[in-house]
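Survey of secondary and tertiary structure
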Amino acid sequence: MSDPIPTDRLGSTVLRAPERERAGSIAEAVRAGLSAVPKRLPPVLFYDHVGSQLFEQICLLPEYYVTRTERRILQRNASTVATCLPQDLCLIELGCGSAEKTEILLRALVEAGHRTRYLACDVSEPALMRTVARLRAHLPTLDVVPILGDFEFAIAHAKRLAHGECVWVFLGSSLGNFQPDSAVRFLATLRATDPVGLILGIDMVKPARILHAAYDDAAGVTAAFNRNVLTRINRELDADFVPHLFTHCALYRPEHQRIEMHLVSQADQTVRVNRLQRSFDFARGETIHTENSRKYTDQDLRRLAAAAGFAPRERWADDDGWFSVCLWTSH
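Residues numbered from 1 in each chain as written. Predicted model: local features only at pLDDT ≥ 70, side-chain atom pairs only at ≥ 80, totals over all residues. Heavy atoms only, no water.

For the rest of this paragraph, the subject is the overall build of the chain. Broken down by element type, the chain carries ten helices and 15 strands. In summary, the chain has a C-alpha radius of gyration of 20 Å against a globular reference of 20 Å for 331 residues, a match within 12%. Once the C-alpha set of the chain is aligned to its principal axes, its extents read approximately 60 × 45 × 35 Å. Of all 331 residues assigned to the chain, the portion counted as buried reaches 53%. If you sum the accessible surface of the chain, you get close to 14500 Å²; carbon and sulfur atoms cover 51% of it. Taking the average place of the 39 positive charges on the side chains of the chain and the average place of its 40 negative ones, the gap between the two points comes to 1 Å. (Helix = DSSP H or I, 4+ residues; strand = E, 2+ residues; numbered from the N terminus. Rg over C-alpha atoms; globule rule 2.2 N^0.38 Å. Buried < 20%, exposed > 50% of the residue type's maximum accessible area, 1.4 Å probe, protein only. Areas by Shrake-Rupley, 256 points an atom, 1.4 Å probe, with all protein chains shown as cover. Lys, Arg positive; Asp, Glu negative; His and termini not counted. Charge placed at Lys NZ, Arg CZ, Asp CG, Glu CD.)

As a further point, take the packing of helix 7 (residues 180-191) against helix 10 (residues 298-308). Where helix 7 contacts helix 10, the axes come no closer than 8 Å and their chain directions differ by 50 degrees. One finds that helix 7 runs oblique with respect to helix 10. Helix-helix and strand crossings are classified by hand; for helix 7 and helix 10 the assignment is right-handed. Contacts between helix 7 and helix 10 involve Ala 183, Val 184, Leu 187, Ala 188 and Arg 191 on the former and, on the latter, Leu 304, Ala 307 and Ala 308. Its residues assigned to classes, the contact of helix 7 with helix 10 shows seven nonpolar, no polar and one charged. (Axes fitted to C-alpha atoms, helices over the stretch in contact; angles between N-to-C directions. Parallel < 35°, antiparallel > 145°, perpendicular 65-115°, else oblique. Left-handed = near helix turned anticlockwise from the far one by under 90°. Contact = heavy atoms within 4.5 Å. Nonpolar A, V, L, I, M, F, W, Y, C, P; charged D, E, K, R; others polar.)

In this section: the pattern of salt bridges. Inspection of every chain in the model, using the stated rule, returns 19 salt bridges. Taking the shortest distance from any N to any O, the salt bridge between Asp 319 and Arg 76 comes out at 3.1 Å. In this pair, Asp 319 sits in the loop between strand 14 (310-317) and strand 15 (323-330) while Arg 76 sits in helix 3 (residues 65-83), placing the two residues 243 residues apart along the sequence. A single burial state applies to Asp 319 and to Arg 76, both of which are exposed. Between Asp 298 and Arg 315 there is a salt bridge, with its nearest N and O atoms 3.0 Å apart. Of this pair, Asp 298 sits in helix 10 while Arg 315 is found in strand 14, placing the two residues 17 residues apart along the sequence. By relative accessible area, which is 34% here, Asp 298 ends up partly exposed. Owing to a relative accessible area of 40%, Arg 315 belongs among the partly exposed residues under this scheme. Linked by salt bridges that have partners in common, Asp 48, Arg 232, Arg 235 and Glu 236 make up one network. (Salt bridge = Lys/Arg side-chain N within 4 Å of Asp/Glu carboxyl O.)

Once that is clear, we can look at the pairing of strand 8 (residues 197-203). The buried fraction of strand 8 amounts to seven of the seven residues, a majority that puts the element mostly inside the structure. Pairing geometry for strand 7 (residues 165-170) and strand 8, over four bridges, is parallel. Within strand 8, the position partnered with Val 169 by the bridge is Ile 199. (Pairing = 2+ DSSP bridges.)

Before going further, it helps to spend a moment on helix 10. Of the residues making up helix 10, those classed as buried are Asp 300, Leu 301, Leu 304, Ala 305 and Ala 308. Buried residues of helix 10, viewed axially, fall in a sector of 125 degrees; they line one side. In helix 10, those exposed residues whose orientation departs by more than 90 degrees from the buried face are Arg 302 and Ala 306. Those residues of helix 10 that are buried are in contact with helix 7, strand 8, strand 13 (287-294), strand 14 and strand 15. A positive backbone phi angle near 90 degrees is found at Gly 309, which sits one or two residues after helix 10. (Arc of directions from axis to C-beta.)

Next up on the list: the state of the cysteines. In total, this model carries zero disulfides according to the counting rule given. Looking at Cys 121, it has no disulfide partner, and the nearest cysteine sulfur is the one in Cys 96, 6.9 Å off. Cys 121 sits in the buried class, given a relative accessible area of 1%. (Disulfide = S-S within 2.5 Å.)

This part covers the confidence of the model for the chain. Keep in mind that low pLDDT regions are not for reading the predicted coordinates in detail. Summarising the model, the chain shows a mean pLDDT of 93, and 94% of its residues fall at 70 or more. Residue range residues 1-11 is modelled with pLDDT below 50. Its contacts to residues more than four positions away, or to other chains, number 23 contacts. (pLDDT = per-residue confidence, 0-100.)

This brings us to the pairing of strand 15. Burial analysis of strand 15 places seven of its eight residues in the buried class, the great majority of the element. Relative to strand 15, strand 14 runs antiparallel, the two sharing seven bridges. Among the inter-strand pairings, Ala 317 is bridged to a residue of strand 15, identified as Ser 324.

Okay, here's the thing in structure tokens:
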């Protein structure tokens, strides 16, 4: 059951997952992940208020090509994308973050006279409400509705807030966080909501040296972002991780076409998570696998669309072919 409450000075509401549901999902993710062999944590745990701010810093780093490349693609092609979309539509964005790239498309839609509602979905309430406030200020005629919750909650509840024809938006190559089979299931779940389309930002295969630099920057911002997940567990689950006893590791595995991020224990240690009433042992050199970021080829994208029930309609890319923004439609 959702819990809409007033959230801003205009008296509008945010559709939010119940607090107990959000807290329970975090506890279960940590319990399952730290009990697994090898240990793992889902990337959704990155995005508390501190993690969201760190990720915004990552997006500005010179090594992190993803955001600026996707932004340039949208700046170059937003008006063309708009012509491909219905005149009366609802854009539903999962993991909107700052939505600065999406704003480029939203502005093109407003300027072209589209009647647009934008459902902004994210797990970080401070980041979400900053985004909503900025969009309302920059695009006052745009209808913006915030949804606070994870992907599962947003997919289950977003369409009852929609009007017009629905288009899902999933930018930033966040699909790369999924295992291949899970990516197909996720996209098929979106397809089952009967949208007219999906706008998908996808990172393409490229030299490993570029990927390593992007996920292990010289300033150490990505390392801080990775370790912040331990600080979050300490705060929300009353754990006693010592974050500086874990180092950040990013490596490219070409056989899987993915960058992996890990936290590596620097000592034999035991961590107590009081709200789980559990302790977890770590050997020196043992890792917690915190993220995958898969990279794709053209052939991968064609197979993925077909397996999920979508038909590729358009694809826009940068001059180097490093990144793609795809428009897929329903069969």
